[in-house]
Each structure stands twice: as C-alpha cells, then as structure tokens.
Amino acid sequence: TVFSGVNIIVQNDFYMNKPEVGTFVLIVFGYIWCLGASFLPFMIIYFFWSFPKPFRFLERKWIKILLFVIPSVLFLGTFGVAFFTVGYGQQFVPVFLRLVSVIIGLIIIANIVGYISLIINYRRLNSREEKKPILIILVALTFGLFTSFYTALIAPAITDTFFNSP
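First, a word on scope: everything that follows refers to the structure included in this document. Residue positions within a chain follow its written sequence, with the count starting from 1. Whole-chain, interface and lining totals are the exception, using all residues; otherwise, since this is a predicted model, local features are given only for residues with pLDDT of at least 70 and side-chain atom pairs are given and counted only at 80 or more. By convention in this description, side-chain values take in all heavy atoms of the structure and omit both hydrogens and water.

Every helix listed is a DSSP run of H or I at least four residues long, and every strand listed is a run of E at least two residues long, numbered separately from the N terminus. In terms of regular secondary structure, the chain is built from 5 helices and 0 strands. The linear arrangement of helices and strands in the chain, starting from the amino end, is α-α-α-α-α. Summarising the internal contacts of the chain: among those between residues at least 6 apart in sequence, 60% fall at separations of at least 24. Accessible areas in this description were obtained via Shrake-Rupley with a 1.4 Å probe; residue shielding takes into account the shown protein chains only. Entry remark: accessible area of the chain is about 11,700 Å², with carbon and sulfur atoms responsible for 72%. Contacts are assigned to residue pairs with any non-hydrogen atoms lying within 4.5 Å of each other.

So, in structure tokens, the structure goes:
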C-alpha cells in the first residue's frame, strides 16, 4: 500500500509542473522504494526465523551477514537501474521491469518461507499460554496471504470477465 501511494503521488502532475522539485521527489521516492523493496523480503524471513523462538541455524554468523549483504547488493543494483531508467530513457525499462519481477518473486517466496517458519515455530512451543498469541498471528497471516493471493490472481480474472462482457 505504501508503494501504491507513492506511485499515485508520482503519477500526479503536481510535482511535474516544477522540474527541479519533480526530479528531487522522483529520486527520493525511488530511493525509498528501492530500499524498501530490496530489504523487505529478507526482513520478513529474518523476523519469522527469530520469532517467537529463534532457529538454531540463525546463530551462524554467515547467515546474518547474507541476510544483510544480499539485499544491499540488490538495492544498489535496483537503485542504479532505476536511476538510469529515469535519467537516460527507455533502453533501461526492460531491465528495470525484470528487476521488479525478481523483487516481487522474492517477496512472494519470503512470505511463504515466513509462513512455514511461523508454523514450525508454533509447533515447537510447548504450553498453551505460549501458543495462544502466536495462533492469533498465524491466523492473521493466513488471512493476509489468502487476501493477497485473491487480490493478485483471482480478482483480476473475475473483473476482466465482468467488465469485458458484452
């Protein structure tokens, strides 16, 4: 939703009437978008690997380093391609769109890995008192994932059929 809001603001012609402000706003929003999109999947995975009880493999130093280095490299690449796409034109658009597809795929994979990790962590808990708050989070996450799945895959097919019918 944050990315959608930024997209709506950027598409509005208010900032584009003043080129110096518009360019600055595009660079700032692009920086924030690239930073968030690059780090989000890895932060989701890290959160669910450490909540409520951390997995043992998370104690290994190289895993924590990878969970920071990979999104940092992804951010630099994404921001670089976005900067060249805005600054130098259309030849970078296909590369940028491929990179956005990779990020969307990473977010989907991170949600699935996080969901499975939360289920595993829930089953590892022993007492009902520990399980109760985690169950609420698990139900909410299940609802959120089903909602995302419906919004991304099912709703567009239904609306396409509905609005394009004669």
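Structure shown, so let's carry the discussion forward.
Over its 32 residues, helix H4 (residues 93-124) runs 46 Å from end to end, which matches the ideal 46 Å to within 8%, given 1.5 Å per residue. Each residue's exposure class comes from its accessible area (1.4 Å probe, protein chains only) as a fraction of the maximum for that residue type: buried when under 20%, exposed when over 50%, partly exposed otherwise. Within the span of H4, buried status applies to Phe96, Leu99, Val100, Ile103, Ile107, Ala110, Gly114, Ser117, Leu118, Asn121 and Tyr122. The length a helix should cover is 1.5 Å for every residue beyond the first.

We now examine the packing of aromatic side chains. Stacked, edge-to-face and tilted are the three classes for Phe, Tyr and Trp ring pairs, Trp counted by its six-membered ring, which pair at centre distances within 6.5 Å; planes under 30 degrees apart are stacked, over 60 edge-to-face, the rest tilted. A full pass over the atoms with the stated rule returns 11 aromatic pairs. An angle of 85° between the planes, with centres 5.3 Å apart, marks the rings of Tyr31 and Phe75 as edge-to-face. Separated by 44 residues along the polypeptide, Tyr31 in helix H2 (residues 19-50) and Phe75 in helix H3 (residues 61-88) bring together distant segments of the chain. Three or more aromatic residues joined by ring pairs make a cluster, and in this case those are Tyr31, Phe75, Phe79, Phe83 and Phe84. The aromatic ring of Tyr122 is capped on one face by Lys131, whose charged end is 5.3 Å from the ring centroid. Put simply, a charge is over a ring when the Lys NZ or the Arg CZ is close to the ring centre, within 6 Å, and near the line of the ring normal, within 35 degrees.

Our focus in this paragraph is the nonpolar core. We define the nonpolar core as a collection of buried residues of types Ala, Val, Leu, Ile, Met, Phe, Trp, Tyr and Cys that are connected through side-chain atoms lying within 4.5 Å of one another. Counting 29 residues, the largest nonpolar core has Trp33, Trp49, Leu67, Phe96, Ile103 and Leu118 as its most contacted members. If you list the elements that add at least two residues to this core, you get H2, H3, H4 and helix H5 (128-163). Sorting elements by how many residues they give to this core places H2 first, with 9 residues.

Our next topic: the environment of Val86. Along the chain, Val86 falls in helix H3. In this structure Val86 comes out as exposed when scored by relative accessible area, which is 60%.

Here the focus is the packing of H3 against H4. Orientation is described by axes fitted as lines to C-alpha atoms, over the contacting stretch for helices, and by angles from 0 to 180 degrees between their N-to-C directions. Interaxial distance between H3 and H4 falls to 9 Å at its minimum, and their mutual angle equals 145°. Crossing hand, H3 versus H4: left-handed. For the pair formed by H3 and H4, the contact residues are Leu74, Gly77, Thr78, Val81, Ala82 and Thr85 on the first element and Val93, Val95, Phe96, Leu99, Ile103 and Leu106 on the second. Just so you know the grouping, Ala, Val, Leu, Ile, Met, Phe, Trp, Tyr, Cys and Pro go in nonpolar, Asp, Glu, Lys and Arg go in charged, and all remaining residues, Gly too, go in polar. Across the contact of H3 with H4, the residue classes tally to 9 nonpolar, 3 polar and no charged. By definition, turning the near helix anticlockwise from the far helix through less than a right angle yields a left-handed crossing, and turning it clockwise yields a right-handed one.

So, about unusual backbone geometry. Here the bond from Phe51 into Pro52 is cis, since omega is -10°, no more than 30 degrees from zero. Looking at the secondary structure, you find Pro52 in the loop between H2 and H3.

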